[in-house]
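Here's the letter readout for the chains.
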Amino acid sequence: MEQLHSGPADWLDVPGHWTFLDPVAERLADFIQALPLGRARDVLHGVPLGHPLHPALVQTPIGCWLAAGLLDVTGGDERAARRLTAAGLISLPPVLWSGWVDWSRLPPAQRRTGLVHAASAVTGALLHLCSLRARRHGHPLRGRMLGLSGTTVIGLTAALGGHLAFRQAAGAAHAEAEFRLAPPDWHPLGETDDFPADVPVRRRLGEVAVVVVHGSDDSWTVLADRCTHMAGSLAAGELIDGCVQCPVHRSRFRLSDGHPVQGPATAPQPRFDTRILGDHLEARPPVDP
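The sections below set out a description of the structure shown in this document. (Residues numbered from 1 in each chain as written. Predicted model: local features only at pLDDT ≥ 70, side-chain atom pairs only at ≥ 80, totals over all residues. Heavy atoms only, no water.)

## A word on the packing of helix H6 (residues 78-90) against helix H8 (residues 108-136)
Part 1 of the argument: As a packed pair, H6 and H8 sit with axes 10 Å apart at the nearest point and diverge in direction by 145°. Note on packing geometry: the crossing formed by H6 with H8 is left-handed. For the pair formed by H6 and H8, the contact residues are Glu78, Ala81, Arg82, Thr85, Ala86 and Leu89 on the first element and Ala125, His128, Leu129, Leu132, Arg135 and Arg136 on the second.
Part 2 of the argument: When the residues that make up the contact of H6 with H8 are grouped by side-chain class, the tally is six nonpolar, two polar and four charged. (Axes fitted to C-alpha atoms, helices over the stretch in contact; angles between N-to-C directions. Helix = DSSP H or I, 4+ residues; strand = E, 2+ residues; numbered from the N terminus. Left-handed = near helix turned anticlockwise from the far one by under 90°. Contact = heavy atoms within 4.5 Å. Nonpolar A, V, L, I, M, F, W, Y, C, P; charged D, E, K, R; others polar.)

As C-alpha cells, this is what we get:
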C-alpha cells in the first residue's frame with residue numbers, strides 16, 4: 001500500500017492542496033490589497049529592513065506566552081503570568097497586520113497554507129484572551145489550562161509558518177543564487193544595436209536569465225531577471241521613474257543598484273557589472289557582490 005505521508009513535512013504541505021479555500025482567499029486578498037495603507041504597506045512588508053517584518057515581530061507574543069506557560073507549569077507568580085499573557089495580546093496587532101499584508105501577495109498554494117496559518121494564530125490568540133479573562137476573574141487553574149492550550153496552538157502555528165517561509169519559500173529571496181550560477185568572467189549578451197532604449201530585454205548569462213535595460217542616456221543595466229519576491233520575469237515588466245517594475249506583484253527595483261523601492265519584494269535584485277567591447281555588451285557578476 002502506498003504511503004501518503006512520510007513525515008511531518010508532508011503533513012505541513014497538505015493545506016497547500018486545499019483548493020476549497022481559494023474563493024475566500026481571493027476575496028480576502030483583494031480586500032487587503034485595496035486598503036489605502038500608503039507607504040505603511042512597504043513598512044509592513046519589511047522593505048526598509050531588507051527582509052520580511054512579520055517573522056521578527058512574532059517573537060514578542062510567542063516569547064511572552066511561552067514565559068507565561070513556564071511560570072504556570074513551575075508554580076511561578078500568577079500575577080506575572082497574567083501580565084505576560086496580556087503583553088502578548090497587546091503586541092499582536094502589528095504581527096497580524098504584517099502577516100496579512102505579506103499573505104495577500106502570495107501565489108495560490110502558499111496562500112492556502114498561509115490562510116490555515118493565520119486561522120491557527122487567531123485561534124491561539126483567542127485562547128490566550130480567554131485565559132487572561134479567567135485569570136482576572138479569579139479562576140487561575142482555568143486560566144493556566146487555556147493559556148497552555150493557546151501556547152500549544154501557537155507552537156504548531158509557528159511550525160506551519162516556518163514551513164511556509166522556508167520550504168514553500170514564501171519569505172525567501174528568489175534570486176540569491178544568481179551570482180553563483182552565472183559564469184565568473186565577462187560573457188557576451190549581444191550586439192548593442194539589439195537593445196532598444198528604455199525597453200527591458202531578456203537575455204541569458206550562462207545559466208542565469210537576466211534583464212538588460214539600455215537607458216536613453218546610453219547607460220546600461222543588467223539585473224537578474226527573476227524577481228526576488230516570487231521569481232516573476234522583470235523583462236515582462238515596465239520602466240517607471242528609474243526603476244523596473246515586476247509584472248506579477250508590482251515590486252519596483254532601482255536600476256542604479258537593484259534595491260527595492262516598493263514591495264512586496266524586500267531583497268535587492270542582483271545587479272551585474274557591464275562593459276561595451278566593440279559593438280557588443282558583456283556582463284559578469286561583481287567581483288565583490
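## Thoughts on the pattern of salt bridges
Part 1 of the argument: This structure, assessed with the given rule, holds eleven salt bridges.
Part 2 of the argument: A salt bridge links Asp13 to Arg167, with the shortest nitrogen-to-oxygen separation between them at 3.0 Å. Highlighted residues: Asp13 in helix H1 (residues 8-13) and Arg167 in helix H9 (residues 140-167), separated in sequence by 154 residues.
Part 3 of the argument: By relative accessible area, which is 18% here, Asp13 ends up buried.
Part 4 of the argument: Taking relative accessible area as the criterion, Arg167 reaches 49% and is therefore assigned partly exposed.
Part 5 of the argument: Connected via shared salt-bridge partners are Asp72, Glu78, Arg135 and Arg144. (Salt bridge = Lys/Arg side-chain N within 4 Å of Asp/Glu carboxyl O. Buried < 20%, exposed > 50% of the residue type's maximum accessible area, 1.4 Å probe, protein only.)

## Regarding the packing of helix H2 (residues 22-34) against H8
Part 1 of the argument: One can describe the packing of H2 onto H8 by two numbers: an axis separation of 10 Å at closest approach and a directional angle of 85°. Classified by the angle between their axes, H2 and H8 sit roughly perpendicular to one another. Touching Asp22, Ala25, Glu26, Leu28, Ala29 and Gln33 of H2 are Arg111, Arg112 and Leu115, all from H8.
Part 2 of the argument: Per-class residue counts for the contact of H2 with H8 are four nonpolar, one polar and four charged. (Parallel < 35°, antiparallel > 145°, perpendicular 65-115°, else oblique.)

## Points about H6
Part 1 of the argument: With 13 residues, H6 should cover 18 Å at 1.5 Å per step; its first-to-last C-alpha distance of 18 Å lies within 8% of that length.
Part 2 of the argument: On the buried face of H6, the contacting elements are helix H5 (59-73), helix H7 (92-103), H8 and H9.
Part 3 of the argument: Sitting at the amino-terminal end of H6 is Asp77, which places a side-chain oxygen 2.9 Å from the backbone nitrogen of Arg79. (Expected span 1.5 Å × (residues − 1). Polar contact = N/O pair within 3.5 Å; in protein donor to acceptor, adjacent residues only side chain to side chain.)

## Thoughts on the environment of Met230
Part 1 of the argument: Position of Met230 among the secondary structure elements: in the loop between strand E4 (220-224) and strand E5 (238-240).
Part 2 of the argument: Along the chain, Met230 and Gln262 lie 32 residues apart, while their C-alpha atoms are 14 Å from each other.
Part 3 of the argument: With residues up to four places along the chain from it excluded, the contact list for Met230 reads Leu106, Pro107, Gln110, Ala169, Ala170, His174 and His249.

## As for H5
Part 1 of the argument: Taking 1.5 Å of rise per residue, 15 residues should cover 21 Å, and H5 covers 21 Å from first to last C-alpha, within 8% of that figure.
Part 2 of the argument: Along H5, the residues classified as buried are Pro61, Cys64, Trp65, Ala68, Gly69 and Asp72. The buried residues of H5 occupy an angular sector of 135° when the element is viewed end-on, so they sit on one face. Counted as exposed and oriented over 90 degrees from the buried face of H5: Gln59, Leu70 and Val73.
Part 3 of the argument: In this structure, the buried side of H5 is in contact with helix H4 (54-57), H6, H7, H8 and H9.
Part 4 of the argument: In the segment just after H5, Gly75 is the residue with positive phi, at about 70°. (Arc of directions from axis to C-beta.)

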